[in-house]
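Take a look at the letters that make up each chain.
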Amino acid sequence: MSSDFGALQLALSSLYANRRGLDTVGQNISNANTAGYSRQRVDFVANSGPKVPATFATWDGSGAGVSVTDVSRTRDLYLEIRSYIEHGASGSMGQTKSALSSVEGLFNEPSDNGIQKQLSDFWSSWDAVANTPNDAGSRAQLLQRADTLASTFNTASTNLDKLRTQAISTLGADVADVNSMAQGVANLNVEIQGASVSGLAHNDLLDQRDLLVSKLSDHLNVTIRQGPNETVDVLVNGTALVSNDHAYALKLDNSGATPVVRWDATGYPASVSAGAMGGLLNVANSVIPRYQSGLDAIATNLVSTVNGALTPITGSIATGGQDLSAAGTLQFGLALNGTTYGNVSVTGADWSGATGAATLQAALQSAINTATGATNAVVATVTGGNGSPLHVSLAGANATDLVNVATVPNNVGLATLLGNTAVGLDGVGGRSFFTGTSALNLALSGQVSGNPSAVGAAMASSGTNDSHVALAMAGLGDSATGPDQLYKTYIVALGVEAQNTNQRVSMQDATTQSVDSSRQSQAGVNLDEEMINMTSFQQAYSASARYLTAIDSVLDALINRTGLVGR
Amino acid sequence: MDNFRITQQTIGQHTFTNLQQSLGKLQTLQQELSSGKQLSKPSDNPQGTVAALSLRGDLARANQYTRNIDDGMNWLGITDSTLQKVVEQTQNARNLLIQGQSGAIDANGRAALATQVDQIREGLISLANTQYLNRPIFGGTASGSTAYSASGTFQGNTGAVTRNVAPGATLDVNVTGPSTFGDDTTGLFAALAQISSDLRANNAGAPLSTDLGNLDTNLSRVTNQLAEVGSRYNRLQVTKQRIGDSITQMTSSLSEVEDADLPKTIVDLQTQEVAYQAALAATSKVITPSLVDFLR
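As the structure is a prediction and not an experimental result, all values here were calculated from the model.

Novice: Any chance you could explain the overall build of chain A here in plain terms?
Specialist: Scanning chain A from N- to C-terminus turns up 11 helices and 19 strands. Residue burial in chain A is summarised as follows: out of 567 residues, 42% are buried.

Right, here's the structure in full:
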């Protein structure tokens, strides 16, 4: 048997509940555009009557109104975690994409001022020198273009390095960001725990914390683990970045050759593989170094190709059934590292036969030793003889020694023997053209820089107006193993990688957006829905008020108008 | 679409992304139109970049070949005109020699003829020292500025002056002194000196006949060289023509790879503009209203 006054309580519970509903609608609408806000929903439960039977207290009513058990956030934890993963991937690829795009811009190909064009100009200049070997103008132009080419390599290398430095400093800023966000999550965990234990409303704290974790996922690969009292732990590849109320700081260790992100407390490397930080690490440790070393390979190929065609002081006499007793006296001017040692002479002898080459080698070496003193810094090597071509080469004892050989006029013996050595207009051979071991330090050799007539265009045996060396050099641009071909391959590989990355980024962005949409679909505020809710709560509230009026008039009738019979 | 809720924020974000994509396409097309290039960075089209880089390199090479050929043709042209003068002068000397053989001429007349032969010889030596860009054209690759001394001794060498004229192909553009004028003992200058001395010695008979034979040998050597020079000149001309053709071909290929197809790009741009405007118009209709506007 229900109480008449109980109906008043029922009406009151409905008024309360629907007011609560309206409040929640208001909060939802207010935060329709708040980042990270999760739509809230009021959980109503119909109150039933007492379930414990008692003497004389049977319940035959329909219920005791409504109560609000909770105001819950509508979120899907699975979608949240997927969103962290996808955001991490997007952040990482975005960094690679922008780095590759910068590298592309740096080389500016295909164009009329890229390295390709400068290489073409360089080889063409050799043709111009070949056409007019006695003209200082064409030689000066060759040196000018070679210098431009070298400094373009230098600039490209410097710019690549700048890109890398930029990535590392951005990484440093990211680490600081991540540390402060991790601390923020830890602080919120403390507040949430307090609020949760004391039963206070804390949905908005949860939203703030989840937003921070979501922002963390843009920076690095994070996953979450639910802790007690609605706290979460944030993990980087299984290691805690945030554990309940404690945040573990990261630091950027830039002391080694490659930057490493470490845990500040332990010094162990952190497994950062995604997000902006993962992307920047990839850019600084893999992408840029790869293009840097590719560029270095092209530069060193250029050095070895050009110097290889110029520098070696070698010569050979093709002989068949030779009697080299008539080869005459070998005579040449020798200079080592700029010091001139006058003329080296080897008196004619019979250099044929099995011991002929050894005799010549010994004689040459001894003559060179006499000229250079006891230092013995120039090494003569003689091979062949006894029917096969006699081959002589001269080199410094150290790889860095520069040996110069000048022909002594009218010396047929040397001219024939060192005939293929490239010599300049001054008849001096053995000069290198480029120096350098990387794109950064590629430069014109000091032996030709500022000295056009030193450029070796002629073969020692053919007179200084000869241009066979220059002709051969001009043809090196077409070499299948030369710098031009390497550079083409390099640029095309860059293009393919950049294109692939762009496509992958578009696909990843689409995926990320679709996950975000799903998340929004769960957690976002739809104004239409809120309007409908608002209308229903408002109407339910009005109806409850009307019900209260009805009960009131029922009681009025009972109290004021009954018991008047017989009055 | 069972329970996939759409929220105002989702619509906003989607709309923004789509408008961005549309605007991005517009920008790409605008860039293609304003630069005239559809290939502005390697990732636009890596395969096209291979072609563009190769074509650019080959074009630069071909242009250099053309310059080399022009230079070679100049060299051969000067050689040709010099040799024609040499033939002319040598024929003059031959006529003088034939006059000298005549019995109607006395010792004084022969001495006068000898003087003329000497002058022709000097003229020929100076022709043999003809220079192109400060280099004696008959001196080979030697460093001196003359091919022959005043006395007619060869001072150069027999090195080849070579030009790169096509990929992997070279052509020697010089003819050397000895192959044109013969050696120092039996060559043209020695023969003329002998004629002069025989005329002065008033030898009308056998010596002058021998001299005529020697002179004819030398003359035919020069005319042979003249024919050789002419044929090389023709070869260069043909090569130049061929390289010119391939330059035209490569330029059009390069343009095909790199340049924007204007009519197509303009049409694409128009289409894209219409699409963008349509998207804007649709957005303005979709994004504004909600139930709020209709609940009174």
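Next, the rest of the story.
Novice: In this structure, what is going on with helix α9 (residues 468-475) of chain A? I would like to understand it.
Specialist: Where burial is concerned, most of α9 of chain A is hidden: 7 out of the 8 residues are buried. Residues of α9 of chain A that are buried: His468, Val469, Ala470, Leu471, Met473, Ala474 and Gly475 of chain A. Buried positions along α9 of chain A lie against α3 (115-131), α6 (275-310), β15 (422-423) and β19 (458-459) of chain A together with β3 (162-166) and β4 (169-172) of chain B.

Novice: Is there a simple way to explain the domain arrangement of chain B in this structure?
Specialist: Interfaces are often described in size by the accessible area the parts lose on coming together. Here chain B is described as being made up of domain 1 (50-255) and domain 2 (260-296). Taking only C-alpha atoms into account, the centre of domain 1 of chain B sits 78 Å from that of domain 2 of chain B.

Novice: Just to check I follow, could you spell out the interface of chain A and chain B for this structure?
Specialist: Contacts between chain A and chain B engage 47 residues on the former and 44 residues on the latter. For the side of chain A that touches chain B, the secondary structure elements donating two or more residues are α3, α9, α10 (483-523) and α11 (527-560) of chain A. It is α10 of chain A that contributes the most residues to the side of chain A that touches chain B, 14 residues altogether. Looking at the side of chain A that touches chain B residue by residue, the class counts come to 14 nonpolar, 23 polar and 10 charged.

Novice: Got a minute to help me understand the packing of helix α3 (residues 107-128) of chain B against helix α5 (residues 188-200) of chain B in this structure?
Specialist: When two helices pack together, their arrangement is captured by the angle between the axes and the distance separating the axes. Residue and element names in this part refer to chain B. It is at 8 Å that the axes of α3 and α5 come closest, and there the two elements cross at 165°. Classed by the angle they form, the pair α3 and α5 counts as roughly antiparallel. Relative to α5, α3 is oriented so that their crossing is left-handed. Two secondary-structure elements touch here, α3 through Arg110, Ala111, Leu113, Ala114, Val117, Asp118, Ile120, Arg121, Leu124 and Ile125 and α5 through Leu188, Phe189, Leu192, Ala193, Ile195, Ser196, Leu199 and Arg200. When its residues are assigned to classes, the contact of α3 with α5 shows 13 nonpolar, 1 polar and 4 charged.

Novice: So what exactly am I meant to see when it comes to unusual backbone geometry here?
Specialist: Across residues other than glycine, the phi torsion is negative in most instances, and most of the peptide bonds are trans. All names here are of chain A. Following glutamate 109, the chain continues into proline 110 via a peptide bond in cis, with omega recorded as -10°. Tracing the chain through its elements places proline 110 in the loop between α2 (77-107) and α3. Unusually for a residue other than glycine, asparagine 108 sits at a positive phi of about 50°. Tracing the chain through its elements places asparagine 108 in the loop between α2 and α3.

Novice: For this particular structure, what's the right way to read the sheet that holds strand β3 (residues 223-226) of chain A?
Specialist: Working definition: the strands of a sheet are paired by backbone hydrogen bonds and lie parallel or antiparallel to each other. Residue and element names in this part refer to chain A. The strand order β3-β4-β5-β6 describes an open sheet built from 4 strands, whose pairing is antiparallel. Single-partner strands in this sheet number two, and they are β3 and β6 (246-247). Judged from the 3 bridges that link them, strand β4 (residues 232-236) and strand β5 (residues 239-243) form a sheet pairing that is antiparallel. If you follow leucine 235 over to β5, its bridge partner there is alanine 240.

Novice: Please explain the domain arrangement of chain A as it appears in this structure.
Specialist: Residues and elements named next belong to chain A. Here chain A is described as being made up of domain 1 (4-74 + 531-560), domain 2 (81-300) and domain 3 (315-486). Between domain 2 and domain 3, the contact holds 28 residues from the first and 28 residues from the second. Counting residues per element, the ones that place at least two in the side of domain 2 that touches domain 3 are α3, α4 (136-198) and α6. By residue number, the principal contributor to the side of domain 2 that touches domain 3 is α4, which donates 13 residues. By residue class, the composition of the side of domain 2 that touches domain 3 is 18 nonpolar, 6 polar and 4 charged.

Rules used in this analysis
Residues numbered from 1 in each chain as written. Chains lettered and ligands numbered in written order. Predicted model: local features only at pLDDT ≥ 70, side-chain atom pairs only at ≥ 80, totals over all residues. Helix = DSSP H or I, 4+ residues; strand = E, 2+ residues; numbered from the N terminus. Buried ≥ 20, exposed ≤ 12 C-beta atoms within 10 Å, placed from the backbone. Contact = placed C-beta atoms within 7 Å. Domains from an automatic or database assignment. Nonpolar A, V, L, I, M, F, W, Y, C, P; charged D, E, K, R; others polar. Axes fitted to C-alpha atoms, helices over the stretch in contact; angles between N-to-C directions. Parallel < 35°, antiparallel > 145°, perpendicular 65-115°, else oblique. Left-handed = near helix turned anticlockwise from the far one by under 90°. Pairing = 2+ DSSP bridges.

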